[in-house]
Structure formats: C-alpha cells, structure tokens
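Understanding the architecture of this molecule
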Amino acid sequence: MAVRAASSVVFVLAGFVVLDAGPATATPAEIGAAVCPAAPPGMQGFADDVTAWVKWGVLALIGIGAVVSLGSILVGRIFSHPHASRYGAMGVAVVVMVAIAYTVILVILDSITGSGCT
C-alpha cells in the first residue's frame, strides 16, 4: 500500500513539474502557418470548382426536398390521405434540420480552409 501511495505522489509531482515548465514560444509566422492551410500548387482552382459544385448541389437537393415535402402535404390534404400529409410534414422538418446543418458545416469548412488568411 505504501509503494502504491508513493508512486502516486511521484506521478503527481512529475505532472506538476511538466505543467510548471516554461511556455512554448512560437513566432506569429508559425502560428499563422498552422491556422491557414494552403492547397498544393495548381490545385486551388480545381478545389474551388469542386467546392462550388458540392455547395450548389446540396442547396439544390435541399430545395427539391422542400418542394417534394410540401407537395406531399398538399396531395395528402387534397385526396384525404393522412399518411402522405404526415410524411410531408416530417419531410419539411428534416429539410429544416438539414438546412441548419448545411449552414453550420459551411462555416466549419470555411474556418478550416482559412478564408481570409494572409
């Protein structure tokens, strides 16, 4: 028991020594390089094209999903089909959640790729 307690004390003291070490120094250029990644030479145009197509494609799919869901609600109401109305309402809720996730993901991707970096 005493050996276990002594080893725990040594481990905690070693942790304090490591944590008490001086701060790491980095120049602003090193910090900036770590934050702003760059595409390989000649790839930035291709990367921009792919990103644009994916963004607009997902946006189009969100729009199509909204139109189909609203159409399902309308058809369900016109023809007295409650299942179609219910599925359409669930579809609208899913489309709204996807649209929110889409905006959040775009912000995250924009921060990863470093828009506005010098």
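Residues numbered from 1 in each chain as written. Predicted model: local features only at pLDDT ≥ 70, side-chain atom pairs only at ≥ 80, totals over all residues. Heavy atoms only, no water.

**A closer look at the overall build of the protein**
Going by this rule: Strands are runs of DSSP state E lasting at least 2 residues, helices are runs of H or I lasting at least 4, and numbering of each runs from the N terminus. Think of it in three bands: with a 1.4 Å probe and only protein chains considered, a residue is buried below 20% of the maximum accessible area for its type, exposed above 50%, and partly exposed in between. Residues count as neighbours in contact if any of their non-hydrogen atoms are within 4.5 Å of one another. The Shrake-Rupley method, run with a 1.4 Å probe, gives the accessible areas here. Residue values count only the displayed protein chains as cover.
When you go through the protein residue by residue, the secondary structure sums to 4 helices and 0 strands. Across the 118 residues in the protein, those meeting the buried criterion constitute 8%. Long-range pairs, those at least 24 residues apart, make up 50% of the contacts in the protein between residues at least 6 apart in sequence. Accessible area of the protein: about 9500 Å², with a carbon and sulfur share of 77%.

**Some details on the UniProt feature "transmembrane region" (unreviewed entry) in the protein**
Put simply, the test is: UniProt positions are given in the numbering used here, feature names are shortened, and annotations may be inferred rather than shown by experiment.
Per the UniProt record, "transmembrane region" (unreviewed entry) is annotated on residues 52-75 and 87-109. As annotated, residues 52-75 comprises 100% helix and 0% strand, and the C-alpha atoms at either end are separated by 34 Å. What you have in residues 87-109 is 100% helix and 0% strand, and the ends, taken at the C-alpha atoms, are 32 Å apart.

**What about helix 3 (residues 44-78)?**
Cut-off, in case you're wondering: One fewer than the residue count of a helix, multiplied by 1.5 Å, yields its expected span.
Here helix 3 spans 51 Å end to end across 35 residues, near enough to the 51 Å set by a 1.5 Å rise per residue. One or two positions beyond helix 3, positive phi appears at Ser-80, with a value near 50°.

**Let's talk about the environment of Ala-84**
Within the element layout of this structure, Ala-84 appears in helix 4 (residues 82-113). Residue Ala-84 is classed as buried on the basis of its relative accessible area, which comes to 16%. When sequence neighbours within four positions are dropped, the list of residues in contact with Ala-84 reads Ser-72, Ile-73 and Gly-76.

**Observations concerning the side chain of Ser-69**
To be explicit about the condition: Within 3.5 Å is the distance limit for a polar contact, defined as a pair of N or O atoms, with the added protein rule that one can donate a hydrogen and the other accept it, and that residues adjacent in sequence qualify only through two side-chain atoms.
Looking at the secondary structure, you find Ser-69 in helix 3. Within polar-contact distance, the side chain of Ser-69 engages the backbone oxygen of Gly-65 at 2.9 Å. Apart from the residues lying within four places of it in its own chain, the contact partners of Ser-69 are Gly-88, Gly-91, Val-92 and Val-95.

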